[in-house]
Amino acid sequence: MPFNLLRLGTLIALAHTLGLIAAFHAIRTARTSQGAVAWAVSLITIPYLTLVPYLFLGSSRFAGYVDRRRFAQQKMHRHAWRRASHPPSGTARNPAATHSDALGESVSRALSALAEAPFTHGNQVRALINGKHTFAAIFEAIARATEYVIVQFFVVRDDALGRKLKEALIERAAKGVRVYFLYDGIGSYDLPRHYIEALRAGGVEAREFATRRFINRFQLNFRNHRKIVIVDGKAAFVGGHNIGDEYLGAKPPLSPWRDTHIEVKGPAVIDVQFAFIEDWYWAAQRLPQVRQMAPEPAQTGAGMRCLVMASGPADTQETYSLFFVQIIHAARRRLWIATPYFVPDEAVFAALRLAVMRGVEVRILLPARRDQYMVFQASTLYAHDAIRAGIQIFRYTPGFMHQKVALVDDHAAAIGSANLDNRSFRLNFELMVLTCDTAFAAEVAAMLETDFKRAIAVRLTEFSGAPAWRRAMMHVARLFSPIL
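Per chain, residues are indexed from 1 in the order of the written sequence. In keeping with the model being predicted, local features are shown solely for residues with a pLDDT of at least 70 and side-chain atom pairs are shown and tallied solely at 80 or more, while totals for entire chains, interfaces and linings include all residues. Heavy atoms throughout the structure, all of them, feed into the side-chain values; hydrogens and water do not.

- Naming follows an unreviewed UniProt entry, where the protein appears as Cardiolipin synthase A of Candidatus Glomeribacter gigasporarum BEG34.
- UniProt positions are given in the numbering used here, feature names are shortened, and annotations may be inferred rather than shown by experiment. What UniProt records for the protein under Subcellular location (unreviewed entry) is the sentence "Cell membrane".

1. Details of the UniProt feature "domain: PLD phosphodiesterase" (unreviewed entry) in the protein
Okay, step 1: UniProt tags residues 220-247 and 397-424 as "domain: PLD phosphodiesterase" (unreviewed entry).
Okay, step 2: Counting from the N terminus, the helices are the DSSP runs of H or I reaching at least four residues and the strands are the DSSP runs of E reaching at least two. Between the first and last C-alpha atoms of residues 397-424 the distance is 24 Å; the span itself is 11% helix and 39% strand.

2. Considering the pattern of salt bridges
Okay, step 1: We count a salt bridge whenever a side-chain nitrogen from Lys or Arg sits within 4 Å of a carboxyl oxygen from Asp or Glu. The full count for this structure, using the stated rule, is 20 salt bridges.
Okay, step 2: When the shortest N-O distance is used, the salt bridge between glutamate 205 and arginine 286 registers 2.0 Å. One end of the pair, glutamate 205, is in strand β4 (residues 205-209); the other, arginine 286, is in the loop between α9 (268-284) and β8 (304-311), and 81 residues separate them in sequence.
Okay, step 3: Among the ionic pairs, glutamate 361 bridges to arginine 363, the shortest N-O distance being 3.0 Å.
Okay, step 4: The buried label applies to any residue whose accessible area, calculated with a 1.4 Å probe on protein chains only, is under 20% of its type's maximum; exposed applies above 50%, and partly exposed to all values in between. Judged by relative accessible area, glutamate 361 falls into the partly exposed class, the value being 24%.

3. Overview of the packing of aromatic side chains
Okay, step 1: Pairing of aromatic rings covers Phe, Tyr and Trp, the last counted by its six-membered ring, and requires centre-to-centre distances within 6.5 Å; plane angles under 30 degrees mean stacked, over 60 mean edge-to-face, and any other angle means tilted. Within the structure shown, the criterion is met by 16 aromatic pairs.
Okay, step 2: Ring centres 5.0 Å apart and planes at 55° place the aromatic pair tryptophan 257 and phenylalanine 400 in the tilted group. Remark: phenylalanine 400 occurs in the loop between β12 (392-396) and β13 (405-408) and tryptophan 257 occurs in the loop between β6 (235-239) and β7 (260-265); sequence separation between them is 143 residues.
Okay, step 3: A ring pair is formed by phenylalanine 342 and tyrosine 382, whose centres lie 6.4 Å apart and whose planes are at 75°; its orientation type is edge-to-face. Pair noted here: phenylalanine 342 is in strand β10 (residues 342-343) and tyrosine 382 is in helix α12 (residues 373-388), with a separation of 40 residues, a long-range link. Of the two residues, phenylalanine 342 and tyrosine 382, both sit in the buried class.

4. Quick notes on the pairing of β6
Okay, step 1: Most of β6 is tucked away, with five of its five residues classed as buried.
Okay, step 2: Of the two faces of β6, the one carrying Ala235, Phe237 and Gly239 and the one carrying Ala236 and Val238 are both buried.
Okay, step 3: Between any two strands, at least two bridges found by DSSP are needed for them to pair. The pairing of strand β5 (residues 228-231) with β6 spans four bridges and is classified as antiparallel. What sits directly across from valine 231, in β6, is alanine 235.
Okay, step 4: The turn joining β5 and β6, which pair antiparallel and follow one another in sequence, is formed by three residues; a positive phi near 55° is taken by aspartate 232.
Okay, step 5: Looking at chain direction, β6 and β7 are connected through five bridges and run antiparallel.

5. Notes on the UniProt feature "active site" (unreviewed entry) in the protein
Okay, step 1: The positions UniProt marks with the feature "active site" (unreviewed entry) are His225, Lys227, Asp232, His402, Lys404 and Asp409.
Okay, step 2: Structurally, the position occupied by aspartate 232 is in the loop between β5 and β6.
Okay, step 3: Pairs of residues are marked as contacts when any of their non-hydrogen atoms sit within 4.5 Å. Sequence-distant contacts of aspartate 232, that is, excluding residues within four places in its chain, are made with Arg144, Ala145, Thr146, Glu147, Tyr148 and Arg291.
Okay, step 4: Here aspartate 409 shows up in the loop between β13 and β14 (412-416).
Okay, step 5: Contact partners of aspartate 409, with chain neighbours within four places excluded, come to Ala330, Ala331, Arg332, Arg333 and Arg334.

6. Details of the state of the cysteines
Okay, step 1: Criterion for a disulfide: a pair of cysteine sulfur atoms at a distance within 2.5 Å. Going through the model one piece at a time under the given rule, you end up with zero disulfides.
Okay, step 2: Residue cysteine 306 stays outside any disulfide, its sulfur separated by 7.7 Å from that of cysteine 436, the closest cysteine.

7. Digging into unusual backbone geometry
Okay, step 1: The peptide bond linking proline 252 to proline 253 adopts the cis configuration, its omega dihedral lying at 10°.
Okay, step 2: Going from serine 255 to proline 256, the amide bond is cis rather than trans, its omega being 0°.
Okay, step 3: For proline 256, the location among the structural elements is in the loop between β6 and β7.
Okay, step 4: The backbone phi angle of glutamate 116 is positive, close to 55°, even though this residue is not glycine.
Okay, step 5: Take glutamate 116: it is sitting in the loop between α5 (105-115) and β1 (120-129).
Okay, step 6: Here aspartate 232, not a glycine, exhibits a phi torsion of approximately 55°, which is positive.

8. Section: the nonpolar core
One recurring pattern in soluble globular proteins: nonpolar side chains tend to sit buried together.
Okay, step 1: In plain words, nonpolar cores are sets of buried Ala, Val, Leu, Ile, Met, Phe, Trp, Tyr and Cys residues tied together by side-chain atoms within 4.5 Å. Judged by nonpolar contacts, the single largest core of 84 residues is most densely connected at Leu169, Phe181, Phe323, Phe324 and Leu352.
Okay, step 2: Considering every element that reaches this core, the biggest residue donor is helix α10 (residues 319-330), with seven residues.
Okay, step 3: Formed jointly, this core draws a minimum of three residues from each of two domains, domain 2 (65-84 + 124-303) and domain 3 (319-483).
Okay, step 4: Apart from residues lying up to four places away in sequence, phenylalanine 324 is in contact with Val348, Ala418, Asn419, Leu420, Phe425 and Met432.
Okay, step 5: Counting 48 residues, the second largest nonpolar core, distinct from the first, contains Phe276, Tyr396, Phe452 and Ala455. Residue ranges assigned to each domain were obtained from an automatic or database domain assignment.

9. Topic: the pairing of strand β9 (residues 334-338)
Okay, step 1: For β9, a buried count of five out of five residues is recorded, marking the element as mostly surrounded by other parts of the structure.
Okay, step 2: Of the two faces of β9, the one carrying Arg334, Trp336 and Ala338 and the one carrying Leu335 and Ile337 are both buried.
Okay, step 3: Pairing between β9 and strand β11 (residues 361-367): five bridges, direction parallel. In the strand pairing of β11, leucine 335 is matched with valine 362.
Okay, step 4: Bridge count between β9 and β13: four bridges; the pairing is antiparallel. Paired with alanine 338 across the bridge in β13 is valine 405.

Shown next as structure tokens:
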């Protein structure tokens, strides 16, 4: 017995010692003070539960990766074009000089500087609601490809939808079309090797996006969360859908799945493509053979003004946090947001509260069903605080709501892959398309109106009426919000 107690005491002392060392590491490397506190407190108090997760998730600012990623981007830029180098005819080359009248020059100037690219004119954007319409449009476009097809997803599964995609890509490759396929190594962790081997055997260039090129084999951060399909440099599809049967609503208990994609045509396609080129160059160390010039405007006249906002952990600033802060400040009448994960940082949450104080109608649509327990608990507590600040919170009830949409007044909408959480703000590669067009904004507003009618308004009693243990769990989950 003394021997066992001695061994147990030694193990406990070792765990706390390692936890203390890891806590100092977290304080030195976390990108935000909130993240540093979350890790440090948990590593010091309960190292038995948090040491292993820290190996996988702890480095949110891994210097080796960030430095190598930035170096790779600079190297690529010496051999490739800048996305702002070929603006549509008649537009300015200076990102700050091209702006959208709808948002106002100062707002658009800041957003252009953040994106390091101008708004492009003459675009056409079509909303694709839910998986049936999204994948029908994607497969139809792939079938018409004559030059090249680009496919990039966070999650790819070897199920019915995944196999249909594989067959479509192999068929195009057999016709002489160049096909580039990029998938995230962690998001698609269960994608079998034979799936990729079949693609490569069929002439598809398939690559895994991973951060294992640097020394940290346990790292799960810095995931590529983008969802991109580009056909011949003329049409791009971006949004919330991944490749899996659940995105078609075929997997209970989360079905029916609610998501939104968009199809973009016009000069903005090249900006979407540029984001893919950076990722492909990192994975393959060479450039894909793709269209270098922007296509002709998809609409006569000015058409839609679009800004492609791509972000990643190698950015010099918190791109998506600043993006959301800016569009929230731009709202004057209404701001409607749909997001599956509502775990905002302090800057975004403060901007939302200030919008309410300005008299803006702020609505946020969240899922009623959960797919991640800790995130859902933290999100519920944030929703409670938001309601107290005058923000209207709704839960979508028919199935899981996964879309990432923001509507600003009657003239601007942003749709893409970014959630309102720290992972999208700082740790993932994301892509959103901001459109400035009253007709498209009206279409998005009608879409969200339908969603709100299928949702229930959240009351303060969702938190106050919950059992004490669940309220405690919400507070614990929020402690981890900077790393969720």
